[in-house]
Amino acid sequence: EMANQARLRLFEETFSGDLSQSFERLKTKAYTGTLKGSGLRSLCWKFFLGSIPSPDPSREKWIEAMQTDRAEYTRLRDEILINPYKEQQENKDLVTNNPLAETKDSVWSKYFELQELQKEIMTDVERLAMEEEVLKDEGTHEAMLRILTIWASLHPTVAYRQGMHEVLAPIYFILHQDALDLSDGSSPVMSLWNKQFLEHDAYALFSMLMIHLTDSFAPPQRPAKGAGPPKPSGVVQRCERLQNELLRDKDYQLYIHLQSCQVQPQLYAMKWIRLLLGREFHLDDVLLLWDAIFAEYHAAGQKTEAEGGGLALLDWIMVAMVRYVRQQLLDSDNMGCLRRLMKYPPVEDVRVFVVQALELRSSKGAAPQIPAVPPPQRGGPIGTPLLGSSPPSSSSAIPINGTSGSTAPTFPKGTPPKQAQARPSSQASAPQPPPPPTTP
């Protein structure tokens, strides 16, 4: 009860006065990583992703929107997760309603299809490599199974793809962290954190997030006969934009080197995009990055990718990540670059990526020089723990401000670095990239 009262006081303090200023303060907290442990993180995600309308001043509308989502999930669960035994009792027509019926629309046929889908999903859910106790719980696995089954059933073109469970897990985790057991007579606003509807809220948030990630999981489309080569998928185009446009504009020397080494961006960036960096860092760090990514989406007016918006800060965070290990990349060949990017090293504080991403996005032309990142010590870990595993020790983490190694050179705006400055590659026939863009 004391926790509930403390949460109510925090809510009143946060959302008193000018609501637009309240949301600005919350977004600042998201950018600086101070939503952690506040009890407001899950509520902020609901606002940022649009599950709850904001900055609508009516708290009643917030509660109404949440109740609508919860009622809709209950309806979908009853409709999609069918029980053939119950149907058999209600429908006595054994010609169509029996396990041996070959009718496509038979409830038993749908049930068997659902069982195959759920078997695939549960195999992945049970393999989650996470140390957080709630994500090991059998009840959590069953709730995640229902959420993913319902979403896949409503999106048959994409259906379920491996990795979606890793997108859902952090959502379920933060909702569980903030959830409260409510007693009779609790303030209506406290229903925003009602533990009884944790699964319902997880589905609503997951659905809003998947609006931006569905294209990343979508299978490639087969071109019609005589239509020419297939068009790259959306996620491949986004990977290419990361390296061939954004990185090229901000760090031409590094771009030239990756091109000369024939490093294909989809080999390392596709996983980053699909899982929102979920496998690159410890869960606590992933949540810090998600705070900023979602807050920036809200700040940009919650525009979809088709409208020129989407989770755009993710692209700049990825550019910052590539530049953060630039010296190691410049000192490596094709295999070395891919090994470094596909197994990203531990980082002391991932908030440095948010800071650099915001600076890269707002600056024009080449990015300012950054400290070179020292290579990992011999015998130290090369890869990073999976999402949810134990955090790296401070001795193996890369410091925010590198203190060893030389600084990365910069070039005057509009002046390309000499080709000789790129590390020679054994692939002499590698295509030469176009000249860098000029800045007026």
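This section reports on the structure supplied with the text. (Residues numbered from 1 in each chain as written. Predicted model: local features only at pLDDT ≥ 70, side-chain atom pairs only at ≥ 80, totals over all residues. Heavy atoms only, no water.)

Within the chain, the regular secondary structure consists of 17 helices and 0 strands. Expressed as a percentage of its 440 residues, the buried residues of the chain come to 49%. In the chain, the share of contacts with a sequence separation of at least 24, taken over all contacts with a separation of at least 6, comes to 76%. For the chain, the computed accessible surface area is about 21900 Å², with 51% contributed by carbon and sulfur atoms. (Helix = DSSP H or I, 4+ residues; strand = E, 2+ residues; numbered from the N terminus. Buried < 20%, exposed > 50% of the residue type's maximum accessible area, 1.4 Å probe, protein only. Contact = heavy atoms within 4.5 Å. Areas by Shrake-Rupley, 256 points an atom, 1.4 Å probe, with all protein chains shown as cover.)

Attention now goes to the pattern of salt bridges. In this structure the tally under the stated criterion is 22 salt bridges. Residues Arg 41 and Asp 291 are paired through a salt bridge, measuring 2.8 Å at the closest nitrogen-oxygen approach. Remark: Asp 291 occurs in helix α13 (residues 283–299) and Arg 41 occurs in helix α3 (residues 41–49); sequence separation between them is 250 residues. Assessed through its relative accessible area of 4%, Arg 41 is described here as buried. A salt bridge links Arg 238 to Asp 315; its shortest N-O distance comes to 2.8 Å. Remark: Asp 315 occurs in helix α14 (residues 313–324) and Arg 238 occurs in helix α10 (residues 234–250); sequence separation between them is 77 residues. With respect to burial, Arg 238 and Asp 315 carry one shared label: buried. Residues participating in the shared-partner salt-bridge network are Arg 238, Arg 241, Glu 245 and Asp 315. (Salt bridge = Lys/Arg side-chain N within 4 Å of Asp/Glu carboxyl O.)

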